[in-house]
Amino acid sequence: MTSAPILKLENLTMRFGGLAAVSELSIDVPRGAIVGLIGPNGAGKTTVFNMVTGFYRPTHGRVVFDGDDITGLQPHIICRSGISRTFQNIRLFSHETVLENVMIGCHVRRRSKWWSAPLGLPSFKEEEERIRRKSLDLLESVGLAEYAGETSSSLPYGAQRRLEIARALATDPKFLLLDEPAAGMNPQESQDLMAFIRGVQKRFGLTILLIEHDMKVVMGVCEYIWVLDYGVKIAEGNPEAIQSNQKVIVAYLGEEYVKYAES
């Protein structure tokens, strides 16, 4: 953990009424790394993603990205700053084509004004063609170019996951958040996903933070891991340290299970 952090969370707290979903969370994410945020269901992981990406405004604390305080900014502004994400439940435009889904992601960087479309201005047509070519290149990079004209809902589950990542990449991010990318995948698909994530990180020069319950994926792809339990950070370290951490084992398996296993 020697790299300068691209993302700093400083005492980040999110309360819903009297419930603290996340409490005083501080982490530094090094630039160019693949790192993980794990914990049992309800630990507050997706809440952290929602605060980082502007879907929630933290009750307390700061989100600092690439040296700038982005706490509580609108999601589209945060996206333009260089942060993009996927969702735990796939959120594609199901009635649009595979290509159109990626092109929509490109629109966050569009320079043409909305009123140039009905006027048919040459600048709009030229930019739309550039977006189309860029989107086709992205589909090629994730192995989906042959499905460009198909409706996104017709893709197999694993391909839909890759399409959602391609759409996130279309925003030209520096930092990519993946929320349970292996959810619903079989062991072979999960294995392929690890190689895919490494390839995306290397090709696009990204920093990647992922939430994942599949520990084979987490331990196989992450360089550093933070663990939440009931919204509190209980451990952090490299995969080897996390696997042997007693607090992590208790959080996932339960104290009674651990006592039984040791007896």
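See the structure printed just above.
This report concerns the structure included in the present document. Since the structure is predicted, the reported quantities are computational estimates derived from the model, not experimental observations.

### Points about the overall build of the protein chain
At step 1: Helix and strand counts for the protein chain come out as 11 helices and 10 strands.
At step 2: By residue count, 48% of the 263 residues in the protein chain fall in the buried class.
At step 3: The contacts of the protein chain with a sequence gap of at least 6 include a subset with a gap of at least 24, amounting to 67%.
At step 4: For the protein chain, the accessible area works out to roughly 13100 Å², and carbon and sulfur atoms hold 51% of it.

### With respect to the environment of L206
At step 1: In this fold, L206 is placed in the loop between helix 7 (187–204) and strand 8 (207–211).
At step 2: A residue is classified by how much of its surface remains accessible, and L206, at 1% relative accessible area, is buried.
At step 3: Setting aside residues up to four positions removed in sequence, L206 forms contacts with G32, A33, L169, P173, K174, L176, V200 and Q201.

### Describing the side chain of T207
At step 1: Tracing the chain through its elements places T207 in strand 8.
At step 2: According to the relative accessible area criterion, T207 is buried, its value standing at 1%.
At step 3: Apart from the residues lying within four places of it in its own chain, the contact partners of T207 are I6, V29, P30, R31, G32, A33, K174, F175 and L176.

### Let's talk about the packing of aromatic side chains
At step 1: The final tally for this structure, using the stated rule, is 4 aromatic pairs.
At step 2: A centroid spacing of 6.1 Å and a plane angle of 70° characterise the contact between F65 and F175, whose relative ring orientation is edge-to-face. Placement of F65 in strand 4 (residues 60–65) and of F175 in strand 7 (residues 175–179) is noted, with a sequence separation of 110 residues between them. Here the two residues F65 and F175 agree in accessibility, since each one is buried.

### Remarks on the sheet that holds strand 7
At step 1: The strand order 6-7-8-3-9-10 describes an open sheet built from 6 strands, whose pairing is mixed. Looking at strand neighbours, the two that pair on one side only are strand 6 (83–85) and strand 10 (232–237), the edges of this open sheet. Between one strand axis and the next, the sheet turns through 20° on average, direction left out of account.
At step 2: Pairing geometry for strand 9 (residues 224–229) and strand 10, over 5 bridges, is antiparallel. For L228, the partnering residue across the bridge sits in strand 10 and is K233.

About the criteria used
Residues numbered from 1 in each chain as written. Predicted model: local features only at pLDDT ≥ 70, side-chain atom pairs only at ≥ 80, totals over all residues. Heavy atoms only, no water. Helix = DSSP H or I, 4+ residues; strand = E, 2+ residues; numbered from the N terminus. Buried < 20%, exposed > 50% of the residue type's maximum accessible area, 1.4 Å probe, protein only. Contact = heavy atoms within 4.5 Å. Areas by Shrake-Rupley, 256 points an atom, 1.4 Å probe, with all protein chains shown as cover. Phe/Tyr/Trp six-rings, centres within 6.5 Å; stacked < 30°, edge-to-face > 60°. Pairing = 2+ DSSP bridges. Axes fitted to C-alpha atoms, helices over the stretch in contact; angles between N-to-C directions.

What is shown is where atoms sit, not what they do.
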